[in-house]
Amino acid sequence: MKAEKNKFLQTEFFIFSWRAAVEHNKVWKNITKDKEKKEFRKNVKDFLDDLIKKNYQEKVSDDDHIKNIIELQKKTEDLGNRLNFGTCQKLFNMMCKYYWCADWISEPPHLPIDSINLKKIKVNNISWTQLDNVDKYKELIEDFKQRTDSNSLSLWELKNWARPEY
C-alpha cells in the first residue's frame, strides 16, 4: 500500500508544482493539442521524479542543483516545448520542496523563486516568469542568501511561506 500512497503523492506534488510554475505565464509554444500537452507533462513528471530521486538522497551543491535545472530545461526542449529557465526553476524547486517536506530527499539548496519570495527580500524589478538567464538566477540566489542571512534557503522559505488568505 505504501507504493500506491507514494505514487498518489508524487502525482499530486507534480500537479501542484506544475500549476505554480505555469499559472502566470504562457508555456505552450509548439504543442497545441490536449493529448500532446498531457504527454509532455507526463514525460516531464517522470523525468523530474527520476532526476530528484537519483540525485537528492544526499546534500546537493548549488552548482549541481543548477545543472539539474538546466537538464530539465533541455528535456523540455527535447520534448518539443522549451520552458524558460524561470519556469523550470520554479517547477524543479517546488518539486524538491514537496519531496523534502515528505522526507523523501535531503534538503534542497534553493527555494522556489517567485514574486512572493522576491517581495520578501525587496527585489521588485525582476519577473521570475521572464527569467531565462542562468547567471541572473545565480545572482538572485546570492541575493536571497545575503538578504535572508540564512544558511538554508529552503528552511528560510518554509518558515516564511504563507498562503495568501482566501
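Computed from a prediction, not measured in an experiment: that's the story for all the values here.

J.: Explain the environment of Met1 to me, please; I cannot follow it from the model alone.
T.: Positionally, Met1 belongs in the segment before helix H1 (2-22). Classification of Met1 by relative accessible area gives exposed; the value is 72%.

J.: What should I look at first to understand the layout of surface pockets in this one?
T.: Empty space among the atoms becomes visible once a probe the size of a water molecule is rolled across them. Counted as a void, the second largest pocket has a volume near 200 Å³. Lining the second largest pocket are Lys7, Thr11, Phe14, Ile15, Trp18, Arg19, Arg41, Lys42, Lys45 and Asp46. Of all the secondary-structure elements, those providing two or more residues to the lining of the second largest pocket are H1 and helix H2 (34-55). It is H1 that provides the largest number of residues to the lining of the second largest pocket, a total of 6 residues. Its residues assigned to classes, the lining of the second largest pocket comprises 3 nonpolar, 1 polar and 6 charged.

J.: Would you explain the packing of aromatic side chains in this entry?
T.: Given two aromatic rings, one states the distance between the centres and the angle between the planes to describe the pair. With the rule as written, the count across this model stands at 12 aromatic pairs. Look at Phe13 and Tyr98: their rings are 5.0 Å apart centre to centre, the planes differ by 5°, and that puts the pair in the stacked class. One end of the pair, Phe13, is in helix H1; the other, Tyr98, is in helix H4 (residues 85-101), and 85 residues separate them in sequence. Owing to a relative accessible area of 11%, Phe13 belongs among the buried residues under this scheme.

J.: Help me out: how do you make sense of the pattern of salt bridges in this one?
T.: Close approach of charged atoms allows side chains of opposite charge to pair. In total, this model carries 8 salt bridges according to the counting rule given. With a shortest N-O distance of 2.4 Å, Asp62 and Lys145 are connected by a salt bridge. Pair noted here: Asp62 is in helix H3 (residues 62-78) and Lys145 is in helix H6 (residues 134-148), with a separation of 83 residues, a long-range link. Note that Glu157 is salt-bridged to Lys97, the shortest N-O span being 2.9 Å. With Glu157 in helix H7 (residues 153-160) and Lys97 in helix H4, this pair connects stretches of sequence that are 60 residues apart. Overall, the relative accessible area of 12% leaves Lys97 in the buried class. One network of salt bridges, with partners in common, ties together Asp62, Glu142 and Lys145.

So, how was this worked out
Residues numbered from 1 in each chain as written. Predicted model: local features only at pLDDT ≥ 70, side-chain atom pairs only at ≥ 80, totals over all residues. Heavy atoms only, no water. Helix = DSSP H or I, 4+ residues; strand = E, 2+ residues; numbered from the N terminus. Buried < 20%, exposed > 50% of the residue type's maximum accessible area, 1.4 Å probe, protein only. 1 Å grid on protein atoms, 1.4 Å probe; cavity = no way out; pocket = protein on both sides within 12 Å on 5 of 7 lines; lining within 4 Å. Points joined across faces, edges and corners; volume = space filled by probe spheres on them. Nonpolar A, V, L, I, M, F, W, Y, C, P; charged D, E, K, R; others polar. Phe/Tyr/Trp six-rings, centres within 6.5 Å; stacked < 30°, edge-to-face > 60°. Salt bridge = Lys/Arg side-chain N within 4 Å of Asp/Glu carboxyl O.

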